[in-house]
Amino acid sequence: MFSEELKTLRKLGFRHLLLQTLNFASVLASGLMIYKGLGLITNTESPIVVVLSGSMEPAFHRGDILFLVNPPNARYEIGDITVYKIPGQDIPIVHRILETHDVVKVVNGVREAKPRPENQLILTKGDNNYLDDVELYQGLDWLERKHIVGKVRGFLPYVGYVTIAMNDFPQLKCALLGGLGLLALVQRE
Amino acid sequence: MARGRKGVNGTSPAPAADSPSDSTPTPPPRSILPIPPTTPKSRDVVKVNNANLIELKNALDDAIKRYLSRPDLFKQIHLHTDVRLALGWTGVLIAGVTALYSYRLEYEKSKPVIWIGLIVYIVLSLSQALYAYFIEGDTIFVGKRKTFDKRILTERITLNTRTKPSTPENPPAYSLSLMYRRSTNGGKSLLNRGAASESRPYTAFFDEQGVLDHDRFETWVGEIVGRVMEPEWE
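Because the structure is predicted, anything quoted here is derived from the model rather than measured. (Residues numbered from 1 in each chain as written. Chains lettered and ligands numbered in written order. Predicted model: local features only at pLDDT ≥ 70, side-chain atom pairs only at ≥ 80, totals over all residues. Heavy atoms only, no water.)

### Topic: the overall build of chain A
Okay, step 1: Check the secondary structure of chain A and you find four helices and nine strands.
Okay, step 2: When the helices and strands of chain A are listed from N to C terminus, the series reads α-α-β-β-β-β-β-β-β-β-β-α-α.
Okay, step 3: A compact globule built from 189 residues should have a C-alpha radius of gyration of about 16 Å, whereas chain A, at 23 Å, is more than 25% larger.
Okay, step 4: With the C-alpha coordinates aligned to their principal axes, the bounding extent of chain A is approximately 75 × 40 × 25 Å.
Okay, step 5: Within chain A, buried positions represent 32% of all 189 residues.
Okay, step 6: Taking the intrachain contacts of chain A between residues at least 6 apart in sequence as the baseline, contacts between residues at least 24 apart amount to 59%.
Okay, step 7: Accessible area of chain A: about 11,500 Å², with a carbon and sulfur share of 61%. (Helix = DSSP H or I, 4+ residues; strand = E, 2+ residues; numbered from the N terminus. Rg over C-alpha atoms; globule rule 2.2 N^0.38 Å. Buried < 20%, exposed > 50% of the residue type's maximum accessible area, 1.4 Å probe, protein only. Contact = heavy atoms within 4.5 Å. Areas by Shrake-Rupley, 256 points an atom, 1.4 Å probe, with all protein chains shown as cover.)

### What to know about the domain arrangement of chain B
Okay, step 1: Per the domain assignment, the segments making up chain B are domain 1 (46-78 + 138-229) and domain 2 (81-134).
Okay, step 2: Distance from the C-alpha centre of domain 1 of chain B to the C-alpha centre of domain 2 of chain B: 35 Å. (Domains from an automatic or database assignment.)

### Structural notes on the side chain of A:Thr42
Residues and elements named next belong to chain A.
Okay, step 1: Topologically, Thr42 is positioned in helix α2 (residues 14-42).
Okay, step 2: Thr42 gets classed as buried once you look at its relative accessible area, which sits at 14%.
Okay, step 3: A distance of 2.8 Å separates the side chain of Thr42 from the backbone oxygen of Leu38, its partner in a polar contact.
Okay, step 4: Apart from residues no more than four positions distant in its own chain, Thr42 is found in contact with Pro47, Leu68, Val69 and Asn70. (Polar contact = N/O pair within 3.5 Å; in protein donor to acceptor, adjacent residues only side chain to side chain.)

### A closer look at the side chain of B:Thr161
Residues and elements named next belong to chain B.
Okay, step 1: In this fold, Thr161 is placed in strand β3 (residues 152-164).
Okay, step 2: Polar side-chain contacts of Thr161 include one of 3.2 Å to the side chain of Lys57.
Okay, step 3: Polar side-chain contacts of Thr161 include one of 3.1 Å to the side chain of Asp61.
Okay, step 4: If near-sequence neighbours (up to four positions away) are discounted, Thr161 is found in contact with Lys57, Asp61, Asp138, Ile140, Tyr174, Ser175 and Leu176.

### Remarks on the interface of chain B and chain A
Okay, step 1: Listed as interface residues are 26 residues of chain B and, on the opposing side, 22 residues of chain A.
Okay, step 2: Of the roughly 2,200 Å² buried between chain B and chain A, counting both surfaces, carbon and sulfur atoms make up 67%.
Okay, step 3: Its largest share of buried area at the contact with chain A, chain B owes to B:Leu85, B:Trp89 and B:Tyr107, together 24% of the area lost on that side.
Okay, step 4: There are one salt bridge connecting chain B and chain A.
Okay, step 5: Summed over the shared surface of chain B and chain A, the result is seven residue pairs in polar contact (both at pLDDT 80 or more). (Buried area = accessible area lost by both parts, 1.4 Å probe. Salt bridge = Lys/Arg side-chain N within 4 Å of Asp/Glu carboxyl O.)

### Thoughts on unusual backbone geometry
Residues and elements named next belong to chain A.
Okay, step 1: For the bond from Glu57 to Pro58, the omega torsion is 0°, close enough to zero to count as cis.
Okay, step 2: Tracing the backbone shows Pro58 in the loop between β1 (48-50) and β2 (65-69).
Okay, step 3: The phi angle at Asn43 is positive, at roughly 60°, despite the residue not being glycine.
Okay, step 4: Mapping Asn43 onto the fold places it in the loop between α2 and β1.

### Quick notes on the sheet that holds strand β2 (residues 139-148) of chain B
Residues and elements named next belong to chain B.
Okay, step 1: Strand order across the open sheet formed by five strands is β1-β2-β3-β4-β5, with antiparallel pairing between neighbours. Every other strand in the sheet has two partners, leaving β1 (75-76) and β5 (189-201) as the edge strands with one partner each.
Okay, step 2: Both strand β4 (residues 173-184) and β5 contribute to a ladder of 12 bridges, which runs antiparallel. Pairing of Arg182 across the sheet is with Asn192, part of β5.
Okay, step 3: Across the sheet, helix α1 (residues 53-68) lies against β1, β2, β3 and β4, angled at about 170° from β3, the strand it touches most. (Pairing = 2+ DSSP bridges. Axes fitted to C-alpha atoms, helices over the stretch in contact; angles between N-to-C directions.)

### Some remarks on the environment of A:Gly139
Okay, step 1: Looking at where A:Gly139 falls in the secondary structure, it is placed in the loop between β7 (121-125) and β8 (143-144).
Okay, step 2: Between the C-alpha atom of A:Gly139 and that of A:Leu22, which follows or precedes it by 117 residues, the distance is 49 Å.

The following block contains the structure:
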């Protein structure tokens, strides 16, 4: 099936093969760098996440894509929807802030004049859940700011199903990458 | 005059070209052959999609590269390709290393690493794009040839090609321009320099099925290159 293309490739030489693989690799690298750059701008390690459960219905459904930001020196308010990760758990959770608690620390024997946002404590609850999240916190009573990945600023419905499908069926991911790679090798700009 | 020039495809050069040389001093002898006629050999049939201008241009570009890279003709210099490959692959590697770092380190610690990686990647990608656009431009072939006469003669040829889009009167055309330099003493004494630019519509070389007529194309290219390689007697 690919004998024609393989013959053409062999005729055109090794440099040509390198150039074509470079095309493919640079598309992947650009996508990766754009994602990382977005993470740097929004100050969060995953600027784009997919909703996996239905605990925030009717606001967010399974398969929605969320865009996160994490302003470093701003207080999180009650009502913000946050994504957080408990240390020891892999999966981030999307829930709404129910209560916040500002902590004034004593530094070098001197009490701070104002509580700093990075010392904020947070309690969350999913809109569609009956109870708040304290059971999910693995022993903690409050979430600290360092557990929070970001707060939601925008969303796209349904698009996340592609990611869910690729994670549930890894063969789909391989097939997609393989197909794209083959296409990149054979086509010439 | 013993020039040993064979006309392409059996045609003989115009006699008017020979007469000025009678009254001029003897040209320096050279063993440089003008472009020999195309040798019919078993060649693969090149068939492209007629409607796709990019495929048409690529097919002709490849044919030129194959033609001029013959052992008795020029040796291709891959500088432009190599620079693009080096810049591109370095960028990809940097992107990979940055991603690996960010995967291993905690987010706050990995931020400066990601900044550096991102900026280096942007610089490399930008320079690759600028190089391809400004310095490489339309060049498809850069070739060099060294011959030994009484001294070492170096010839260098550069070919640029463009597609001229179609107008209501003309079909899309393939525009070929080349620059040629012959020098000696390691490039310090210039012997001859020439340039030529011509265009033909794609319909001159491809038939309705999209099959490339190798002979006709190579005749045309050989004619232009041979013309440019002729020395000017002063």
